[in-house]
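# Structural characterization, general
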Amino acid sequence: MDMILLGLPGVGKGTQAKKLEESLEIPHIATGDIFRKAIKNETPLGKKAKSFIDAGELVPDEVTIGIVKERLTKPDCENGFILDGFPRTIAQAEALDEILVEQNRELDLVIYLQAEIDILVKRLAGRRVCVDCGAVYHVENDPPEVEGVCDKCGGKLIQRSDDQEKTVKKRIEVNKEKTAKLADYYQNKGILHEVESTGGIDKVQQRLMELIEANK
Ligand code: AMP
């Protein structure tokens, strides 16, 4: 199953993708995670991406497309992948089509997760992530057992620098129009499915699994 989770920042793409990765046994590929790891390790990619990410802006397409192309050629993608946070522009969507044609495969499903903007802002502002394993929590909706400590690996939980309220609003603004254009792009291809991302993490996961089963 080659699929994309589409939707605005905070809609739950990462949270849902991590669960899908376990049940479907295909990798969750999040460009944001790849950039954050590169920044943490101070690699050349990290140095290029940092200023854009800190400002809530998009990293240039030529940088982003290259890393996804490389990632999709890895053997663990053979049976499928879950893209999260990519594509974010039509140029990225077109580049993805080309990458997949080269690999003789095509997208099966694009899931457009939806929630109201004020819910997104609340989710992002309360989000905490593990510095070591990247696990995601929310101070109210999905707290860890011990405050500030990752349940999975014991790592420290922090607030992402771009989850401050000012940057959050900018990120939603930057992505709104682009996400709507991407939804049209995939609607025209007949592979877009909208899913309501409210009502609790497990409820949303159930909706996604039903949709995936129906499209297998
Ligand atoms: P995310 O974790 O998906 O919210 O991404 C965090 C930040 O990484 C975004 O605000 C962008 O600066 C950058 N980023 C992630 N994915 C992309 C992408 N596909 N194109 C451009 N920038 C991206």
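Below is a short write-up of the structure. The structure displayed is predicted, hence computed values, not measured ones.

The helix and strand tally for the protein chain stands at 8 helices and 8 strands. Rg of the C-alpha trace for the protein chain: 16 Å, near the compact-globule value of 17 Å for 216 residues, within the 12% margin. Projecting the C-alpha coordinates of the protein chain onto the three principal axes gives extents of approximately 45 × 40 × 35 Å. Burial statistics for the protein chain: of 216 residues in total, 47% are counted as buried. Within the structure as shown, the protein chain displays about 11,300 Å² of accessible surface, and the carbon and sulfur contribution to it stands at 48%. Between the averaged position of the 32 positive side-chain charges in the protein chain and that of its 39 negative side-chain charges there is a distance of 5 Å.

It is worth spelling out the sheet that holds strand 1 (residues 2–6) at this point. Taking strand neighbours across the sheet as the criterion, the 5 strands line up as 2-3-1-4-8 in an open arrangement whose pairing is parallel. The sheet is open, and its two borders are formed by strand 2 (28–30) and strand 8 (192–196), each paired with just one other strand. Across the sheet, the axes of successive neighbouring strands diverge by a mean angle of 25°, strand direction being ignored. Relative to strand 1, helix 1 (residues 13–24) is tilted by about 160°, and along the sheet it contacts strand 1, strand 2, strand 3 (81–84) and strand 4 (109–114).

Criteria and cut-off values
Residues numbered from 1 in each chain as written. Predicted model: local features only at pLDDT ≥ 70, side-chain atom pairs only at ≥ 80, totals over all residues. Heavy atoms only, no water. Helix = DSSP H or I, 4+ residues; strand = E, 2+ residues; numbered from the N terminus. Rg over C-alpha atoms; globule rule 2.2 N^0.38 Å. Buried < 20%, exposed > 50% of the residue type's maximum accessible area, 1.4 Å probe, protein only. Areas by Shrake-Rupley, 256 points an atom, 1.4 Å probe, with all protein chains shown as cover. Lys, Arg positive; Asp, Glu negative; His and termini not counted. Charge placed at Lys NZ, Arg CZ, Asp CG, Glu CD. Pairing = 2+ DSSP bridges. Axes fitted to C-alpha atoms, helices over the stretch in contact; angles between N-to-C directions. Contact = heavy atoms within 4.5 Å.

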